[in-house]
Amino acid sequence: MEKIYKMELHIYKTPEETMNGLANHFVNVVSTAIAEKNECSVVLSGGSSPKRLYELLARPPYNQLIDWDHIYFFFGDERYVPFTDPDNNGAMVKKILFDPLRIPDANIFYMNTSLPPAESASKYSQRILSHFKKKPLQFDLVLLGLGDNAHTASLFPHTPVLKEQKALVKAVNLEDPQVNRITLTAPLINEAHNIAFLVYGESKAKAVQDVLKGKRDSDNYPAQLIEPEMGDLHWFLDEAAAGGIKN
């Protein structure tokens, strides 16, 4: 059965305006969740693109608009490198977002890269289940990026994880280059109430076009797998990234 969900495109002239647009969306989603149930669960994306968003959220006015102690932070994926490595997503977010906002350690769910990849994925699944207890496994907000090859989180083209239907978190072995990653699976991401992509720059225009306007081929364009079960999907793009879909 075809999924029916709401997708909205938000196209801004510059990357800076795109960041502000997503920051405002972040505040709205998080504030609504906290008002309704006194807590909020957010999945953060890693890599270079969201750094500027996190820097924005950590300073005025955004740092004063949210009750940060009521947010629980998770990660969409992690590079299998030590926490001390500059490429570790958790370490990057800790420095840019968590430390400036003084987020309590109890509210942060890092992926443990000191364990073997498969064990790390299994332990992270257990931590997610323990957090939600008997409640539905529905994050309030999932932030995602998009790679030049149309991957999102660590859902890369032609990898077995793209076919995963049962596991919440999986280890991913990439052949070129030979690295391991840990990622939330598409079915878990799709349970979220809100999903937001942040994509900017001309180098991403082809990937955006392939995912949103191209033929259905999730093996080549994994971001096509992101189709919320019941939630809302938002794409925050600058004009350069949206160049292939505006006509």
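Up top you'll find the structure we're talking about.
Note that the structure is predicted; figures quoted are calculated from it, not measured.

A. Representation of the environment of Lys95 in the model. As for its placement among the helices and strands, Lys95 is situated in helix H3 (residues 89-101). When the C-alpha positions of Lys95 and Glu227 are compared, they lie 31 Å apart, and in sequence the two are 132 residues distant.

B. Representation of the packing of aromatic side chains within the structure. Taken as a whole and assessed by the stated rule, the structure comprises 13 aromatic pairs. A ring pair is formed by Tyr12 and Phe236, whose centres lie 6.5 Å apart and whose planes are at 5 degrees; its orientation type is stacked. Residue Tyr12 is located in strand S1 (residues 6-12), and its partner Phe236 is located in strand S9 (residues 232-238); the two are separated by 224 residues in the primary sequence. Residue Tyr12 is classed as partly exposed on the basis of its relative accessible area of 23%. A residue is classified by how much of its surface remains accessible, and Phe236, at 1% relative accessible area, is buried.

C. Region of the structure containing the pairing of strand S3 (residues 71-75). Burial of S3 is extensive: four of the five residues sit out of reach of the surface. Pairing geometry for strand S2 (residues 40-44) and S3, over five bridges, is parallel. Counterpart to Val43 in the pairing with S3 is Phe74. Between the parallel elements S2 and S3, the chain passes through helix H2 (residues 51-57) in a crossover that is right-handed.

D. Molecular detail of the sheet that holds strand S4 (residues 77-79). Across the sheet, which stays open at both edges, the three strands sit in the order S4-S7-S6 with antiparallel pairing between neighbours. Two strands lie at the open edges of the sheet, namely S4 and strand S6 (169-175), each paired on one side alone. Averaged over all neighbouring strand pairs, the angle between strand axes comes to 20 degrees, with direction disregarded. Bridge count between S4 and strand S7 (residues 178-184): three bridges; the pairing is antiparallel. Across the sheet, the residue bridging to Asp77 is Thr183, located in S7.

E. Highlighting the pairing of strand S5 (residues 141-144). Here S5 shows two buried faces, one formed by Leu141 and Leu143 and the other by Val142 and Leu144. Here S2 pairs with S5 via two bridges, running parallel. The residue of S5 that forms the bridge with Val43 is Val142.

F. Layout of unusual backbone geometry. The omega torsion across Pro60 and Pro61 is 0 degrees, close enough to zero to call that bond cis. Turning to its location among the elements, Pro61 is positioned in the loop between H2 and S3. Of note in this structure, Asn38 is not a glycine but carries a positive phi near 70 degrees. Mapping Asn38 onto the fold places it in the loop between helix H1 (15-37) and S2.

G. Broad picture of H3. Compared with the 18 Å implied by 1.5 Å per residue over 13 residues, the 17 Å span of H3 between its first and last C-alpha is a close match. Of all the bends in H3, the greatest, near 45 degrees, is centred on Lys95. Those residues of H3 not exposed but buried are Asn89, Gly90, Ala91, Met92, Val93, Ile96, Leu97, Phe98 and Leu101. The elements touched by buried residues of H3 are S2, H2, S3 and S4. The opening residue of H3, the one whose side-chain oxygen lies 2.9 Å from the backbone nitrogen of Gly90, is Asn88. The first or second residue beyond H3 is Arg102, which carries a positive phi of 55 degrees.

How each quantity is defined
Residues numbered from 1 in each chain as written. Predicted model: local features only at pLDDT ≥ 70, side-chain atom pairs only at ≥ 80, totals over all residues. Heavy atoms only, no water. Helix = DSSP H or I, 4+ residues; strand = E, 2+ residues; numbered from the N terminus. Phe/Tyr/Trp six-rings, centres within 6.5 Å; stacked < 30°, edge-to-face > 60°. Buried < 20%, exposed > 50% of the residue type's maximum accessible area, 1.4 Å probe, protein only. Pairing = 2+ DSSP bridges. Right-handed = clockwise from strand over helix to strand, strands pointing away. Axes fitted to C-alpha atoms, helices over the stretch in contact; angles between N-to-C directions. Expected span 1.5 Å × (residues − 1). Bend = angle between axes of the 7 residues up to and from the residue. Contact = heavy atoms within 4.5 Å. Polar contact = N/O pair within 3.5 Å; in protein donor to acceptor, adjacent residues only side chain to side chain.

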